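# Residue-level structure breakdown
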Amino acid sequence: EATHYMIFTPTKQSLLDTGCVRQADAPTLLGADNVDMAQLTDLAKNIACHFGIPPNFTPSQSVSIFDFSETKRHERAIVLAEDPECSEEHPPLVVCFCGDALLEPFWPEGLGIVRGFLSALDCVSSLQVWAQTKDSEAVGRHSDACYKILKSVAGQTREMTLKPAAEWRLDPATRYKGFK
């Protein structure tokens, strides 16, 4: 039996009109107490039938709803937390963010795993700069340059921002077009 995965992005009004959402002014629009799962399941089945997709949902993972209209991201991919008494004996604590912790994915574009993979390489590359130079500003510039390009990677910009995956190495210049 074939398995299908269906994603659709209804408007708030359509969720209200179909009875999937009970109250427009609820404190949490998509909270469990404001979503009628039976209505949501019926809506999903109707949409599946409309597109010729079998409406046989599995009991454990049938229908879910969540808001992805807002995404969150860190301002910087790397932070060097310096102690006021920072010295060679007590160097800064280097904190790297990668994957979903750095840049919340916009999953309809299918970029979560590629951004996670690229950001992990960016972190290691930045750590390499730190290990070689111990220069906080150089590490910040390097990391910021990577992150600026990573944030621009989207479904429609992927080919403009990324080099072919077979060429990817630790050096960001092997992954990002225009990296300097």
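Worth saying up front: this structure is predicted, and the values here are computed from it rather than measured.

This part covers the state of the cysteines. Applying the stated criterion across every chain yields a total of 0 disulfides. The closest cysteine sulfur to the non-disulfide-bonded C98 is located on C123, 4.6 Å from its own sulfur. As a non-bridged cysteine, C146 has C123 as the owner of its nearest cysteine sulfur, 9.2 Å distant.

Turning to the nonpolar core, a few remarks are in order. Where a protein is soluble and globular, its nonpolar side chains tend to be buried together. Core analysis: the biggest nonpolar cluster contains 16 residues, and L102, L118, Y147, L150, L162 and Y176 have the highest contact counts within it. Breaking this core down by element, the ones donating at least two residues are α3 (112–133) and α4 (136–152). In terms of residue count, the dominant contributor to this core is α4 (4 residues). Beyond its immediate stretch of four places on either side in the chain, L162 contacts L118, V153, W168, R175, Y176 and K177. Membership of the second largest hydrophobic core comes to 9 residues, among which are L15, C20, V35 and L43.

Turning our eyes to something else, we now look at the pairing of strand β1 (residues 78–81). Side-chain alternation along β1 places I78 and L80 on a buried face and V79 and A81 on a face that remains uncovered. Taken together, the 4 bridges between β1 and strand β2 (residues 93–96) define a ladder with antiparallel strand orientation. Looking at the pairing, L80 lines up with V94 of β2.

Glancing now at the environment of T161. As for its placement among the helices and strands, T161 is situated in helix α5 (residues 158–161). Residue T161 is classed as buried on the basis of its relative accessible area of 11%. Spatially, the C-alpha atom of T161 lies 8.2 Å from that of L150, the residues being 11 residues apart in sequence. If we ignore the near neighbours within four places in the chain, the residues touching T161 are I149, S152, V153, R175, Y176 and K177.

To continue, consider empty space enclosed by the protein. To locate leftover empty space, one rolls a probe as large as a water molecule over the atoms. Per the stated rule, a full pass over the model turns up 1 cavity of 30 Å³ or more. Put simply, the largest cavity is a space of about 70 Å³. Along its surface, the largest cavity is lined by A77, I78, F97, L102, S119, D122, C123, S126, S143, C146, Y147 and L150. Mapped by element, the contributors of at least two residues to the lining of the largest cavity are α3 and α4. A breakdown of the residues in the lining of the largest cavity according to their chemical character gives 8 nonpolar, 3 polar and 1 charged.

The subject of this paragraph is the packing of aromatic side chains. Between two aromatic rings, the relevant description is the distance of the centres plus the angle of the planes. All told, the structure shown has 1 aromatic pair when counted by the stated rule. Their ring planes at 25° and their centres at 6.1 Å tell us that F117 and W168 sit as a pair that is stacked. Taken together, the residues F117 in helix α3 and W168 in the segment after α5 connect sequence positions 51 residues apart. Under the relative-accessibility criterion, F117 is labelled partly exposed at 47%. On the accessibility criterion, W168 (13% relative accessible area) is buried. K151 extends its terminal NZ or CZ atom over the ring of Y147, reaching a point 4.6 Å from the ring centre.

Reading the values: the criteria
- Residues numbered from 1 in each chain as written.
- Predicted model: local features only at pLDDT ≥ 70, side-chain atom pairs only at ≥ 80, totals over all residues.
- Heavy atoms only, no water.
- Disulfide = S-S within 2.5 Å.
- Core = buried A, V, L, I, M, F, W, Y, C linked by side-chain atoms within 4.5 Å.
- Buried < 20%, exposed > 50% of the residue type's maximum accessible area, 1.4 Å probe, protein only.
- Helix = DSSP H or I, 4+ residues; strand = E, 2+ residues; numbered from the N terminus.
- Contact = heavy atoms within 4.5 Å.
- Pairing = 2+ DSSP bridges.
- 1 Å grid on protein atoms, 1.4 Å probe; cavity = no way out; pocket = protein on both sides within 12 Å on 5 of 7 lines; lining within 4 Å.
- Points joined across faces, edges and corners; volume = space filled by probe spheres on them.
- Nonpolar A, V, L, I, M, F, W, Y, C, P; charged D, E, K, R; others polar.
- Phe/Tyr/Trp six-rings, centres within 6.5 Å; stacked < 30°, edge-to-face > 60°.
- Lys NZ or Arg CZ within 6 Å of the ring centre and 35° of its normal.

The analysis is restricted to geometry; functional conclusions fall outside its scope.
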